[in-house]
Amino acid sequence: MAEDHRTEDVELPPGALELLALKVLARGALHGYAIARAIQDRGAERLRIEEGTLYPALHRMERRGWLAAEWGVSESNRRAKYYRLTAGGRSALREQESAWRRVSDAVARVLGHPSPKGA
Amino acid sequence: MAAFLERLGLFPRAPDPRPLGAIAADIEDELAFHLEASTRALIEEGLEDEAARAEALRRFGDVDRIRRECARTLMGERIVLQRIQFVLTAALLAAVVFLVLASRETNARAAVERERSLALLAQIEARLVQGEARLVEERRHAASEPALQPPPVIDRLPVLGQSAEESPAGAYLAANGTRTDLGTARESWSEAFNEQHGSWRHGLRIAERLAALSGSQGAEILVQVWNELSVEHREQVMKPFVFDGGHPHALEVLELGFEDSVHSVRERAVLYLQTYAWQDLWQGDGQGDRWLAQWRDRPVGEVLRENAERWARAYAECAQEREQIAGGRVEHLLEGIEHVRPETLAKAGVDLRGILVEAGVCAIAPARLGGLPAAQRAIAERVRSWCQP
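Residues numbered from 1 in each chain as written. Chains lettered and ligands numbered in written order. Predicted model: local features only at pLDDT ≥ 70, side-chain atom pairs only at ≥ 80, totals over all residues. Heavy atoms only, no water.

Asker: What exactly am I supposed to notice about the overall build of chain A here?
Answerer: Looking only at helices and strands, chain A has 5 helices and 5 strands in total. Classification of the 119 residues of chain A by burial places 43% in the buried group. Within chain A, counting contacts between residues at least 6 apart in sequence, those at least 24 apart form 54% of the total. (Helix = DSSP H or I, 4+ residues; strand = E, 2+ residues; numbered from the N terminus. Buried < 20%, exposed > 50% of the residue type's maximum accessible area, 1.4 Å probe, protein only. Contact = heavy atoms within 4.5 Å.)

Encoded structure:
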């Protein structure tokens, strides 16, 4: 199933994983595993993502102040670290999302495809 | 320091202050939770435990690499900070050590300079003290010396029959004052002499008073203080004793001068002794010592008279032997009394004229002096003058 999809996986561009995590966390606090699952559930299953790489990204954003983290108890009654978006993180999300769309449109125009926005 | 660096903008947030071990344990726990949850979900999807575990690990990626990246992200700043702290501490320690060493070297140099300055100051102070003492001494002399006026021209000593005040030296002393209340303590006289140890006039002044003491006191004190007197004073102190022909201890005083270690003092003593011995008695040939040994215990009057009589007889004999008084012996006799002072004999009660008359000296015709050299003839003429009533 998922293995089949991954045979056609594409490499995730630099910075995209952070943008995805910020987007997921915009809906509320989650622990790392739940963030990974949400990214997959949102259709990124075809992206070649090593789930472990999510954690250094989360820690970097925590250090930047985009995320706040605290230890809590998971649904399985296990100690888990929950991340939530800070005001700085929301601002960063808006900037990164905007930048991503500009890059994406520019690349699409160069490639001769109509941009999703323009379509 | 982390907060300080954060304020400087070197760090977006202050590093996690917890121990590194606690941070590493959290990383381990967080990754383990992910693997457990992923494995559990895969099992729920139908995979066997081992397969689910393996699939979870595969999806996760290289756990060790992820763990290192997480540690670097969360603890890297702490490590960097620790390194900075270590470097700063080492630099601070090195600076302290350098400052201590530099300070010690500076202190050592300063101590040497201080010692050198103190030594220099001590030298300057010693020179100032010496200069001040010299100035005080000069002022003291200047205060006392001006009273010694006019410049002392004492061409002859107190003469017989005159008081000290009547003689040139006595008049000088009377005019300038002297100490009279020194008593008989040796220390007082020694101190009095040495008040102006370089002034022969001062020495003579004190000696006049010393000789005026009753009995043998003056001579006894002089014997005691002799070695404490300056050369200038030793040359002078004999005079009041010697030329005062009545002084009972004149020969003892002369003996002091005769045995003095300084030539000039001995020379004076020999000169003065001539008045008593009526002959040259230089110490070198032992005649002076023998003469003093023979006469020192005799009364001064007898010494003067007997020696004058002996000379007069010898001189008269020479005159009778030849038509003109000439030749080595008579010249020697005349040279032997060159410094004789008839006043000394008169003071001692000796009738010099009577001695000369009795010996026939006064009967020698003046024409017989013609063959003598000028110096001896002058002495012979002086002898003739002693024959005058």
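Asker: Would you take a moment to explain empty space enclosed by the protein for this structure?
Answerer: Rolling a probe over the atoms, with the probe sized like a water molecule, indicates the empty space that remains. Residue and element names in this part refer to chain A. All told, the structure shown has 3 cavities of 30 Å³ or more when counted by the stated rule. One number sums up the size of the second largest cavity: a volume of about 50 Å³. Around the second largest cavity, the lining residues are L17, A36, I39, Q40, I49, E51 and L54. By residue number, the principal contributor to the lining of the second largest cavity is helix 3 (residues 32-41), which donates 3 residues. Looking at the lining of the second largest cavity residue by residue, the class counts come to 5 nonpolar, 1 polar and 1 charged. (1 Å grid on protein atoms, 1.4 Å probe; cavity = no way out; pocket = protein on both sides within 12 Å on 5 of 7 lines; lining within 4 Å. Points joined across faces, edges and corners; volume = space filled by probe spheres on them. Nonpolar A, V, L, I, M, F, W, Y, C, P; charged D, E, K, R; others polar.)

Asker: Which parts of the structure should I look at to understand the packing of helix 7 (residues 200-211) of chain B against helix 9 (residues 231-242) of chain B?
Answerer: Each packed pair of helices is defined by two parameters, the angle between the axes and the distance between the axes. All names here are of chain B. Interhelical geometry of helix 7 versus helix 9 gives an angle of 35° and a closest axis separation of 8 Å. Classified by chirality, the crossing of helix 9 by helix 7 is right-handed. Judged by residue contacts, W200, H202, G203, L204, A207, E208, L210 and A211 of helix 7 engage E232, H233, Q236, V237, K239, P240 and F241 from helix 9. For the contact of helix 7 with helix 9, the per-class residue count stands at 8 nonpolar, 4 polar and 3 charged. (Axes fitted to C-alpha atoms, helices over the stretch in contact; angles between N-to-C directions. Left-handed = near helix turned anticlockwise from the far one by under 90°.)

Asker: Is there a simple way to think about the nonpolar core in this case?
Answerer: Grouped burial of nonpolar side chains is what soluble globular proteins tend to show. Among the nonpolar cores identified, the biggest contains 67 residues, and L222, Y276, W291 and W311 of chain B are the most heavily contacted of them. The biggest single contributor to this core is helix 13 (residues 300-321) of chain B, with 11 residues. Lining this core are residues from two domains, each supplying at least three of them: domain 2 (168-292) and domain 3 (301-386) of chain B. Counting 40 residues, the second largest nonpolar core, distinct from the first, contains A38 of chain A together with I23, A71 and L74 of chain B. (Core = buried A, V, L, I, M, F, W, Y, C linked by side-chain atoms within 4.5 Å. Domains from an automatic or database assignment.)

Asker: Is there a simple way to think about the environment of H197 of chain B in this case?
Answerer: All names here are of chain B. Mapped onto the elements of the fold, H197 is located in the loop between helix 6 (186-194) and helix 7. Look at H197 and you get partly exposed, because its relative accessible area is 48%. Sequence-wise, H197 and E232 are 35 residues apart; in three dimensions their C-alpha atoms are separated by 7.5 Å. When neighbours within four sequence positions are excluded, H197 is seen to be in contact with S230, E232 and H233.

Asker: I would appreciate a short explanation of the interface of chain A and chain B in the present structure.
Answerer: Interface size, as often reported, equals the accessible area lost upon joining of the parts. Contacts between the two partners involve 30 residues from chain A and, on the opposite side, 30 residues from chain B. Summed over both partners, the interface of chain A with chain B buries about 2500 Å², with 52% contributed by carbon and sulfur atoms. Along the contact surface separating chain A from chain B lie 5 salt bridges. Measuring nitrogen to oxygen at the nearest pair gives 3.1 Å for the salt bridge that ties R78 of chain A to D29 of chain B. Inspection of the chain A/chain B interface yields 12 residue pairs in polar contact (both at pLDDT 80 or more). Breaking the side of chain A that touches chain B down by element, the ones donating at least two residues are helix 1 (2-6), helix 3, helix 4 (54-64), strand 4 (67-73) and strand 5 (79-85) of chain A. Broken down by element, the residue count for the side of chain A that touches chain B peaks at 7 residues, all from helix 4 of chain A. Taken together, the residues that form the side of chain A that touches chain B break down as 11 nonpolar, 8 polar and 11 charged. (Buried area = accessible area lost by both parts, 1.4 Å probe. Salt bridge = Lys/Arg side-chain N within 4 Å of Asp/Glu carboxyl O. Polar contact = N/O pair within 3.5 Å; in protein donor to acceptor, adjacent residues only side chain to side chain.)

Asker: In this structure, what is going on with the layout of surface pockets? I would like to understand it.
Answerer: Residue and element names in this part refer to chain A. The calculated volume of the largest pocket comes to roughly 350 Å³. Lining the largest pocket are 15 residues, and of these A16, L19, L20, K23 and W100 sit closest to its centre. Mapped onto the lining of the largest pocket, the elements with two or more residues apiece are helix 2 (16-25) and helix 5 (87-111). Per-element accounting of the lining of the largest pocket gives the leading share, 5 residues, to helix 2. Of the residues in the lining of the largest pocket, the class split is 10 nonpolar, 1 polar and 4 charged.

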